[in-house]
Amino acid sequence: DGGITQSPKYLFRKEGQNVTLSCEQNLNHDAMYWYRQDPGQGLRLIYYSQIVNDFQKGDIAEGYSVSREKKESFPLTVTSAQKNPTAFYLCASSIGGDYEQFFGPGTRLTVL
Amino acid sequence: GDSVTQMEGPVTLSEEAFLTINCTYTATGYPSLFWYVQYPGEGLQLLLKATKADDKGSNKGFEATYRKETTSFHLEKGSVQVSDSAVYFCALIDNAGGTSYGKLTFGQGTILTVHP
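Residues numbered from 1 in each chain as written. Chains lettered and ligands numbered in written order. Predicted model: local features only at pLDDT ≥ 70, side-chain atom pairs only at ≥ 80, totals over all residues. Heavy atoms only, no water.

Colleague: Can you lay out the overall build of chain B for me, pointing to particular residues and giving the numbers?
Modeller: Secondary structure summary: chain B contains zero helices and 12 strands in total. Each helix and strand of chain B, placed in order from N terminus to C terminus, yields the pattern β-β-β-β-β-β-β-β-β-β-β-β. Against the globule reference of 13 Å for 116 residues, chain B gives a C-alpha radius of gyration of 14 Å, in line with a compact fold. When the backbone C-alpha atoms are referred to their principal axes, chain B occupies close to 50 × 30 × 20 Å. (Helix = DSSP H or I, 4+ residues; strand = E, 2+ residues; numbered from the N terminus. Rg over C-alpha atoms; globule rule 2.2 N^0.38 Å.)

Colleague: Describe the nonpolar core, with residues and values.
Modeller: One recurring pattern in soluble globular proteins: nonpolar side chains tend to sit buried together. With 25 residues, the main nonpolar core has L19, W35, L48, F73, L75 and Y88 of chain B as its most contacted residues. Top element by residues in this core is strand β10 (residues 86-93) of chain B. It accounts for four residues. In terms of nonpolar packing, the next biggest core, distinct from the first, is built from 20 residues, Y47, I60, Y64 and L76 of chain A among them. (Core = buried A, V, L, I, M, F, W, Y, C linked by side-chain atoms within 4.5 Å. Buried < 20%, exposed > 50% of the residue type's maximum accessible area, 1.4 Å probe, protein only.)

Colleague: I'd like a rundown of the side chain of S94 of chain A, residues and numbers included.
Modeller: With respect to the helices, strands and loops of the structure, S94 of chain A is situated in strand β9 (residues 87-94). Using a relative accessible area of 0% as the deciding quantity, one classes S94 of chain A as buried.

Colleague: Explain the sheet that holds strand β8 (residues 76-78) of chain A to me, using residue names and the numbers behind them.
Modeller: All names here are of chain A. Reading across from one edge, β1-β3-β8-β7 is the order of the four strands in this open sheet, with antiparallel pairing throughout. In this open sheet, the two strands that pair with only one neighbour each are β1 (4-7) and β7 (64-66). Sheet twist, expressed as the mean angle between neighbouring strand axes with direction ignored, is 20 degrees. With three bridges connecting them, β7 and β8 associate as antiparallel partners. The partner of V66 across the bridge, within β8, is L76. (Pairing = 2+ DSSP bridges. Axes fitted to C-alpha atoms, helices over the stretch in contact; angles between N-to-C directions.)

Colleague: Outline the sheet that holds strand β7 (residues 56-59) of chain B, supporting the account with residue identities and numerical values.
Modeller: Residues and elements named next belong to chain B. In spatial order, the strands read β3-β9-β8-β7; together these four strands make up an open sheet with antiparallel pairing. Looking at strand neighbours, the two that pair on one side only are β3 (19-21) and β7, the edges of this open sheet. Direction aside, neighbouring strands of the sheet carry axes that sit 15 degrees apart on average.

Colleague: Help me get a handle on the side chain of Q82 of chain A, residues and values and all.
Modeller: Residue and element names in this part refer to chain A. With respect to the helices, strands and loops of the structure, Q82 is situated in the loop between β8 and β9. On the basis of relative accessible area, Q82 is assigned to the buried category, the value being 12%. Within polar-contact distance, the side chain of Q82 engages the backbone nitrogen of N84 at 3.1 Å. The contacts of Q82, once residues within four sequence positions are left out, are R36, E62, G63 and Y64. (Polar contact = N/O pair within 3.5 Å; in protein donor to acceptor, adjacent residues only side chain to side chain. Contact = heavy atoms within 4.5 Å.)

Colleague: Provide a residue-level description of the pattern of salt bridges, including the pertinent values.
Modeller: Under the defined criterion, the tally for this structure stands at seven salt bridges over all chains. Members of the salt-bridge network, linked through shared partners, are R36, D38 and R44 of chain A. (Salt bridge = Lys/Arg side-chain N within 4 Å of Asp/Glu carboxyl O.)

What follows is the structure, given as structure tokens:
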């Protein structure tokens, strides 16, 4: 079955450490996205990529970095520069910019 | 900028009750509209969509009609079930001038709880 996988489901990090969240899709989608969700709020866009080897900052990119070396993979690194990293992180993909996005199951990151 | 406003929750209903979750939007261009559902601890699932005015999206008994004149996309279901308990998000992609990069603008979400 085609879909989006994110790993791990739960992640714990000590302050000052970088951590990388995995996102893989086998839908053959060109566009991929990373969102952050905080309790009681909607989703906010961190980074997006419309094509391999290209990505752009979203609304809250500070303290995060991404890469897009392969079409199916879009890993997100949460750096120590992110002041409040504890959140639920969701990866999504779509055929292209104007089309509906399909979401992965999410990774819950907790900074200890 | 673009924005989506949903009715505040939480919404609590008895099984078989009628559901309405209001959603209004502001957008520069001609947005596509979506409803997503999120079950506890999971990612978002696309529930339904509409891409132009007067379109009606429907899925699993849920419906929403794209009303350009009132800039609304209210979600309705005639008879809710306990299994419908979840968080519902209204969202848009604005294709203003063909410059859309697929950014979804979300409402804050509405928590729905259905009791037996």
